[in-house]
Amino acid sequence: MEREDFARAADAEFDVFVGDTTMPMTLIAIEPLPSRPGISREAFSLIFKSASALVLPQRIYPMRNRALADAQKVDVFIVPIGRDADGVRYQAVFT
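We now turn to the structure provided with this report.

Definitions and cut-offs
- Residues numbered from 1 in each chain as written.
- Predicted model: local features only at pLDDT ≥ 70, side-chain atom pairs only at ≥ 80, totals over all residues.
- Heavy atoms only, no water.
- Pairing = 2+ DSSP bridges.
- Helix = DSSP H or I, 4+ residues; strand = E, 2+ residues; numbered from the N terminus.
- Axes fitted to C-alpha atoms, helices over the stretch in contact; angles between N-to-C directions.
- Core = buried A, V, L, I, M, F, W, Y, C linked by side-chain atoms within 4.5 Å.
- Buried < 20%, exposed > 50% of the residue type's maximum accessible area, 1.4 Å probe, protein only.
- Contact = heavy atoms within 4.5 Å.

### Notes on the sheet that holds strand S4 (residues 59-64)
Taking strand neighbours around the barrel as the criterion, the six strands line up as S1-S2-S3-S6-S5-S4 in a closed arrangement whose pairing is antiparallel. Taking each pair of neighbouring strands and ignoring which way they run, the sheet shows an average axis angle of 45°.

Printed below as a string of structure tokens:
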């Protein structure tokens, strides 16, 4: 998927599939990353936020958002990057 695909889901909620349940996360930022020589694909980062006290370990999670790919699940590798009073933030990097 490309950055423009996720731009349609900015500030929207994603269902993150964790076993037999889902956990909601909101896509709070889409950030461009520096380009690399010889790579034509645009690199970018997604920042998600979850209000859950549970911190998911880094790994690939199936996610779904109605604005993306006809609501099909998309596998995304996320890493927890911080916690504050509002919840836990996660990052996904696409290169």
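### Quick word on the pairing of strand S6 (residues 87-94)
Note: strand S3 (residues 44-50) against S6, seven bridges, orientation antiparallel. By the bridge assignment for S6, Ser50 is matched with Val88. Hairpin connection between strand S5 (residues 74-84) and S6: a loop of two residues separates the two successive antiparallel strands.

### Concerning the nonpolar core
Counting 21 residues, the largest nonpolar core has Phe48 and Ile78 as its most contacted members. Breaking this core down by element, the ones donating at least two residues are strand S1 (13-18), strand S2 (21-32), S3, S4, S5 and S6. A total of four residues in this core trace back to one element, the largest contributor, which is S6. In contact with Ile78, other than residues within four places in its own chain, are Met25, Phe48, Leu56, Pro57, Gln58, Arg59, Tyr61, Met63, Tyr90, Gln91 and Ala92.

### Structural notes on unusual backbone geometry
If you check the backbone angles, Asp11 has positive phi at about 65° while not being a glycine. Relative to the helices and strands, Asp11 resides in the loop between helix H1 (3-7) and S1. Of the residues examined, Asp11 reaches a relative accessible area of 63% and is grouped as exposed.

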